[in-house]
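# Analysis of the macromolecular model
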Amino acid sequence: MEGVQRRIRELDAAMASVNRMCRKFGIPAGSEKDLSATKKAVGNLIAQMELSARRS
C-alpha cells in the first residue's frame, strides 16, 4: 500500500508541476482541450488507485 501511496504522490506532484509551468509560460494554442483531458484522466487514475488501495 505504501508503494501505491508513494506513486499517487508522485503523479500528483507531476501534475502540479505541469500546472505551474502552464501558468508561467502559457498554454500553446490548440492544446487546451488535450491538456484538460490529460488532467482529468490523471485525476481519475489517482482516484481509482486510492480506492483500490483502500480496498486492499
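What follows deals with the overall build of the protein. Scanning the protein from N- to C-terminus turns up two helices and zero strands. If one aligns the C-alpha atoms of the protein with their principal axes, the spans along those axes are about 45 × 20 × 10 Å. Relative to its 56 residues, the protein shows a buried fraction of 16%. Carbon together with sulfur atoms contributes 55% to the accessible area of the protein, which is approximately 4500 Å² in total. Between the mean site of the 11 positive side-chain charges and the mean site of the 6 negative ones, the protein shows a separation of 2 Å.

Here we come to the pattern of salt bridges. A complete count under the given rule lists one salt bridge for this structure. Between Arg-7 and Glu-10 there is a salt bridge whose closest N-O contact spans 2.8 Å. Of the two residues, Arg-7 and Glu-10 are both situated in helix 1 (residues 2-25); the distance of three residues between them amounts to about one turn of the helix. By relative accessible area, Arg-7 is classed as partly exposed at 41%.

Rules behind the numbers
- Residues numbered from 1 in each chain as written.
- Predicted model: local features only at pLDDT ≥ 70, side-chain atom pairs only at ≥ 80, totals over all residues.
- Heavy atoms only, no water.
- Helix = DSSP H or I, 4+ residues; strand = E, 2+ residues; numbered from the N terminus.
- Buried < 20%, exposed > 50% of the residue type's maximum accessible area, 1.4 Å probe, protein only.
- Areas by Shrake-Rupley, 256 points an atom, 1.4 Å probe, with all protein chains shown as cover.
- Lys, Arg positive; Asp, Glu negative; His and termini not counted.
- Charge placed at Lys NZ, Arg CZ, Asp CG, Glu CD.
- Salt bridge = Lys/Arg side-chain N within 4 Å of Asp/Glu carboxyl O.

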